[in-house]
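Coordinate inspection notes
Below, each chain spelled out in residue letters.
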Amino acid sequence: MASRALIIEARFYNHIADMLLAGAKAEFAKRRFEADVISVPGVLEIPTALSMALTSARRRDLPYSVFAVLGCVIRGETYHFEIVANEGNRAIMDLTVANRLPLGNGILTVENEEQALVRADPKQKDKGGDAAAAAIALYDLREALTR
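Residues numbered from 1 in each chain as written. Predicted model: local features only at pLDDT ≥ 70, side-chain atom pairs only at ≥ 80, totals over all residues. Heavy atoms only, no water.

- Naming follows an unreviewed UniProt entry, where the chain appears as 6,7-dimethyl-8-ribityllumazine synthase of Acuticoccus sediminis.
- Looking at the chain in UniProt, the text filed under Catalytic activity (unreviewed entry) is "(2S)-2-hydroxy-3-oxobutyl phosphate + 5-amino-6-(D-ribitylamino)uracil = 6,7-dimethyl-8-(1-D-ribityl)lumazine + phosphate + 2 H2O + H(+)".
- UniProt lists a comment for the chain under the heading Sequence similarities (unreviewed entry), and it reads "Belongs to the DMRL synthase family." (UniProt positions renumbered as here; feature names shortened; annotations may be inferred.)

1. Some details on the pairing of strand S1 (residues 3-10)
- S1 sits mainly inside the fold: 7 of its 8 residues count as buried.
- Relative to strand S2 (residues 33-40), S1 is paired through 8 bridges, and the arrangement is parallel. Across the sheet, residue Leu-6 finds its bridge partner in S2, namely Asp-36.
- Handedness of the crossover joining S1 and S2 through helix H1 (residues 14-30): right-handed.
- As paired strands, S1 and strand S3 (residues 66-74) are joined by 5 bridges and run parallel to one another. Across the sheet, the residue bridging to Leu-6 is Phe-67, located in S3. (Buried < 20%, exposed > 50% of the residue type's maximum accessible area, 1.4 Å probe, protein only. Helix = DSSP H or I, 4+ residues; strand = E, 2+ residues; numbered from the N terminus. Pairing = 2+ DSSP bridges. Right-handed = clockwise from strand over helix to strand, strands pointing away.)

2. Remarks on the pattern of salt bridges
- Going through the model one piece at a time under the given rule, you end up with 11 salt bridges.
- Note that Arg-75 is salt-bridged to Glu-82, the shortest N-O span being 2.7 Å.
- Under the relative-accessibility criterion, Arg-75 is labelled partly exposed at 33%.
- Among the ionic pairs, Arg-75 bridges to Glu-111, the shortest N-O distance being 2.9 Å. Within this pair, whereas Arg-75 is found in the loop between S3 and helix H3 (80-99), its partner Glu-111 is found in the loop between strand S4 (103-110) and helix H4 (113-120), the two being separated by 36 residues in sequence.
- Given a relative accessible area of 43%, Glu-111 falls into the partly exposed group.
- Taken together, the shared-partner salt bridges in this structure form one network comprising Arg-4, Glu-34 and Asp-36. (Salt bridge = Lys/Arg side-chain N within 4 Å of Asp/Glu carboxyl O.)

3. Re the packing of helix H2 (residues 46-59) against H3
- Following both chains from N to C, one finds H2 and H3 inclined at 25 degrees, their axes separated by 8 Å at the closest point. Comparing the axis directions of H2 and H3 gives the class roughly parallel. Where H2 abuts H3, its residues Ile-46, Pro-47, Leu-50, Ser-51, Leu-54 and Arg-58 lie against Gly-88, Ala-91, Ile-92, Leu-95 and Asn-99.
- Each residue belonging to the contact of H2 with H3 can be placed in one class, and the counts come to 7 nonpolar, 3 polar and 1 charged. (Axes fitted to C-alpha atoms, helices over the stretch in contact; angles between N-to-C directions. Parallel < 35°, antiparallel > 145°, perpendicular 65-115°, else oblique. Contact = heavy atoms within 4.5 Å. Nonpolar A, V, L, I, M, F, W, Y, C, P; charged D, E, K, R; others polar.)

4. Side note on the sheet that holds S4
- The 4 strands are arranged S2-S1-S3-S4 in an open sheet whose pairing can be described as parallel. In this open sheet, the two edge strands, each paired with only one partner strand, are S2 and S4. Neighbour to neighbour, the strand axes of the sheet diverge by 15 degrees on average, direction disregarded.
- With respect to the sheet, helix H5 (residues 127-145) is in contact with S1, S2, S3 and S4, its orientation differing from that of S4 by roughly 150 degrees.

5. Looking at the packing of H1 against H4
- At their nearest, the axes of H1 and H4 sit 9 Å apart, and the two run at 20 degrees to each other. Looking at the two axes, H1 sits roughly parallel to H4. For the pair H1 and H4, the crossing hand works out as left-handed. In contact with His-15, Ile-16, Met-19 and Leu-20 of H1, H4 contributes Glu-113, Ala-116, Leu-117 and Ala-120. (Left-handed = near helix turned anticlockwise from the far one by under 90°.)

Next up, the structure:
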């Protein structure tokens, strides 16, 4: 049975999400992980989707070896940026540590769209691919520590 990856992506900025997803899928495929994708409206929905996916996977005996979360938060004129960036990432980190998940975080927190495009583009900074690579590195570490 092939190793499985779960990607949870926020679609608030579709064009940026498309690039992050392409990078993550390509990196997982290089290492022969089959990726399932869950899409949610925004970054604040990612932790809830991750929690629900973990429960469902356990119930269905569909184990995921690695996880990646993807999204983009662009600073605006209000305090909303800090709430979304901080609370979304805090909740993801809480779930990651509590469940010992090999998870790569590809949620961009940027000042403007130009920064997001450079970071999301698989031909430039490829932060989606970096998130998948980080998840795989943690998976490899866990495997090495449990031998």
